[in-house]
Structures are given as C-alpha cells and as structure tokens.
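Reading the structure
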Amino acid sequence: MIAALATMAIDCRLNRVDAIGLRQVFTADPNGVLLELNFFGD
C-alpha cells in the first residue's frame, strides 16, 4: 500500500500499534476526507 501511494505521489502518515499487531496508513481523498487504512499482521 505504501509503495502504491508513493508511486502516485500521495502523502500519507504511518502508525503502528504493536500491542495488537496493527499497522495504520492515514491519507486524504481528493475531497480532503481523511482515510484510515488498517492492516493486521506482518
């Protein structure tokens, strides 16, 4: 996901919640709506 966003030059912020094995990606859609993408596991 990070590579795809980088390829499209889309800014994003990453967050890890190690206690539950969660990785989060925050980005905005073209209208400025904040999107939160959650991924569990490695």
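For the structure itself, consult the block above.
These remarks concern the structure in this document. Bear in mind the structure is a predicted one, so any value in this text is a computation, not a measurement.

**Overview of the pairing of strand 2 (residues 22-28)**
Taken across its seven residues, strand 2 has five buried, putting it largely inside the fold. The pairing of strand 1 (residues 13-17) with strand 2 spans five bridges and is classified as antiparallel. Within the sheet, the bridge partner assigned to Val-17 lies in strand 2 and is Leu-22. Connecting the antiparallel pair strand 1 and strand 2 is a turn made up of four residues, with Gly-21 showing a positive phi of about 70°. Linkage of strand 2 to strand 3 (residues 34-40), two consecutive antiparallel strands, is achieved through a turn of five residues, within which Gly-32 is found at a positive phi near 85°.

**Considerations on the sheet that holds strand 2**
Strand order in the open sheet formed by three strands is 1-2-3, and the pairing between neighbours is antiparallel. With partners counted over all chains shown, the strands left at the sheet margins are strand 1 and strand 3, one partner each. With direction set aside, neighbouring strand axes in the sheet form an average angle of 20°. As defined by bridge partners, strand 2 adjoins strand 3 across seven bridges and the pair is classed as antiparallel. For Leu-22, the partnering residue across the bridge sits in strand 3 and is Phe-40.

**Focus on the packing of aromatic side chains**
If you walk through the whole model with that rule in mind, you get zero aromatic pairs. Taking the ring centre of Phe-26 as reference, the NZ or CZ of Arg-13 above it sits at 4.6 Å.

**Observations concerning the environment of Asp-29**
By the secondary structure assignment, Asp-29 is in the loop between strand 2 and strand 3. Among the residues examined, Asp-29 registers a relative accessible area of 24% and is labelled partly exposed. With ten residues separating them along the chain, Asp-29 and Phe-39 place their C-alpha atoms 19 Å apart. Polar side-chain contacts of Asp-29 include one of 2.9 Å to the backbone nitrogen of Asn-31. In this structure the side chain of Asp-29 is engaged in a polar contact, spanning 2.9 Å, whose partner is the backbone nitrogen of Val-33.

About the cut-offs
The written sequence of each chain sets the order in which its residues are numbered from 1. Residue-level local features of this predicted model are given only where pLDDT is at least 70; pairs of side-chain atoms are given and counted only at 80 or more, and the full residue set underlies all totals for whole chains, interfaces and linings. Where side-chain values are given, they derive from all heavy atoms of the structure, hydrogens and water being excluded. Three exposure classes are used, based on accessible area relative to the maximum for each residue type with a 1.4 Å probe and protein chains only: buried under 20%, partly exposed in between, and exposed over 50%. Elements are defined by DSSP. Helices are runs of H or I of four residues or more, strands are runs of E of two residues or more, and each kind is numbered from the N terminus. Pairing between two strands requires that DSSP report at least two bridges joining them. Here an axis means a line fitted to C-alpha atoms, over the contact stretch when the element is a helix, while the angle between two N-to-C directions is reported on a 0 to 180 degree scale. Working definition: a ring pair exists when centres of Phe, Tyr or Trp rings (six-membered ring for Trp) sit within 6.5 Å. Plane angles under 30 degrees give stacked, over 60 give edge-to-face, the rest tilted. Placement of a positive charge over a ring is assigned whenever Lys NZ or Arg CZ falls within 6 Å of the ring centre and within 35 degrees of the normal to the ring plane. Under the rule applied, a polar contact is a pair of N or O atoms within 3.5 Å (in protein, one hydrogen donor and one hydrogen acceptor; residues adjacent in sequence only if both atoms are side-chain atoms).

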